[in-house]
Amino acid sequence: AAPGKSSAAMGDLYGLRNALYLGNYQQAVSEAMSLGASTERDFFMYRALIEQGQHRVVMDEVGAQAPVALQAVKMLASYLSGVSKEAVVAQLKEWLTDATAQDNWQLILVAATVFLHERDHKEALKISHQSTQIDVMALVVQIYLQMDRPDLARKLVKSMQEQYDDDTLTKLSHAWTSLCESGGETAQDALYEFQELGEKYHMSLMLLNAMASCNMHMGRFDEAERLLQEALSQSPNDTTSLINLVVCLNQLQKPAEVIGRYTSQLKISAPAHPWVAKYGELETSFDRCANQLSKE
């Protein structure tokens, strides 16, 4: 195996890991159930359960004697469920001070993920940027993209391509970076990459939304709407699909009542989502301005 290569990238865990990163979470859980127990299997399986919103299942199943890699994923479940976020951050930082922490890629991955949620890019990069383990490298690409540094992401993707050219995470990282770079040409590259992965494996909600984003980037809003409606036919209350559809329908200048139906659905299904909160603030601000103008 190449240096820093996770054994999960090949062998028995290939299907499980692939399903997780392509957004096929139920398939990932099913794959895990067919495999023999191991820390790596459980690490990927619990992350798939977290993506499905099954935080409590993970928190209940991981016992006090479990390896640090699984304790870390339990902390992620706790953090994302909104339970004692500050305590989770403190615990992860304490584990990272251990001399063996740098050898535990799962701990680094989870800690960097939590710091990313905290918008603490500096802390996330500090612990992850030197890693040559592909799962961690892919997360560092996401950190750079969140920092609006596609140039740094592109450099790291090149390194991933040199070491792990055929890996699904390399292809996804390349596609996300292409989408975030300016210009329609790179968005087209990203679209091909996402489409190819969907055709090869399974067209997940994540891939449908990624393809819709590429089309919106290129001004193809009708095609984006078609993909998002397909996503909603798979999962009618999927938050990302609903948000992207509201943006898309606004660009298509669809009737206010049509857009309103989806925004109402969003407010009911994901009231705490930052996008929903921001949208509510803008609505309130708009109404206030409209009232003031009507009085003048």
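Residues numbered from 1 in each chain as written. Predicted model: local features only at pLDDT ≥ 70, side-chain atom pairs only at ≥ 80, totals over all residues. Heavy atoms only, no water.

A. Seen up close, the side chain of Thr186. Structurally, Thr186 is set in helix H12 (residues 184–200). Classification of Thr186 by relative accessible area gives buried; the value is 18%. Only 3.0 Å separates the side chain of Thr186 from the backbone oxygen of Ser178, close enough to count as a polar contact. Not counting chain neighbours up to four residues away, the residues in contact with Thr186 comprise Ser178, Leu179 and Glu181. (Helix = DSSP H or I, 4+ residues; strand = E, 2+ residues; numbered from the N terminus. Buried < 20%, exposed > 50% of the residue type's maximum accessible area, 1.4 Å probe, protein only. Polar contact = N/O pair within 3.5 Å; in protein donor to acceptor, adjacent residues only side chain to side chain. Contact = heavy atoms within 4.5 Å.)

B. Main features of the environment of Ser173. If you trace the backbone, Ser173 turns up in helix H11 (residues 168–180). Residue class for Ser173 comes out buried when judged on its relative accessible area of 2%. Considering only alpha carbons, one finds Ser173 and Asp238, 65 residues apart in sequence, at a separation of 23 Å. Beyond its immediate stretch of four places on either side in the chain, Ser173 contacts Ala138, Val141, Val157 and Met160. Among the polar contacts made by the side chain of Ser173, one reaches the main-chain carbonyl oxygen of Leu169 at a distance of 2.8 Å.

C. Region of the structure containing the side chain of Asn104. Structurally, Asn104 can be placed in the loop between helix H6 (85–96) and helix H7 (105–117). Of the polar contacts made by the side chain of Asn104, one reaches the backbone nitrogen of Leu107; its length is 3.1 Å. Apart from residues lying up to four places away in sequence, Asn104 is in contact with Val68 and Ala69.

D. Examining the packing of helix H5 (residues 68–80) against H7 more closely. Orientation of H5 relative to H7, taken along the N-to-C sense of each, is 15°, at an axis distance of 8 Å. In terms of orientation, H5 lies roughly parallel with respect to H7. In terms of crossing hand, the pair formed by H5 and H7 is left-handed. Taking contact as the criterion, the partners of Val68, Ala69, Ala72, Val73, Leu76, Tyr79 and Leu80 in H5 are, on H7, Gln106, Leu107, Val110, Thr113, Val114 and His117. (Axes fitted to C-alpha atoms, helices over the stretch in contact; angles between N-to-C directions. Parallel < 35°, antiparallel > 145°, perpendicular 65-115°, else oblique. Left-handed = near helix turned anticlockwise from the far one by under 90°.)

E. Representation of the packing of aromatic side chains within the structure. This structure, assessed with the given rule, holds five aromatic pairs. Both rings, one in Phe44 and one in Trp105, keep their centres 6.1 Å apart while their planes meet at 40°; by these two values the pair is tilted. Of this pair, Phe44 sits in helix H3 (residues 39–51) while Trp105 sits in helix H7; the two residues are 61 residues apart in sequence, bridging distant segments of the chain. Given a relative accessible area of 0%, Phe44 falls into the buried group. According to the relative accessible area criterion, Trp105 is buried, its value standing at 12%. Every member of this aromatic cluster is reached through a ring pair, and the members are Tyr21, Phe43, Phe44 and Trp105. A cation sits over an aromatic face here: Lys85 above Tyr79, 4.8 Å from the ring centre. (Phe/Tyr/Trp six-rings, centres within 6.5 Å; stacked < 30°, edge-to-face > 60°. Lys NZ or Arg CZ within 6 Å of the ring centre and 35° of its normal.)

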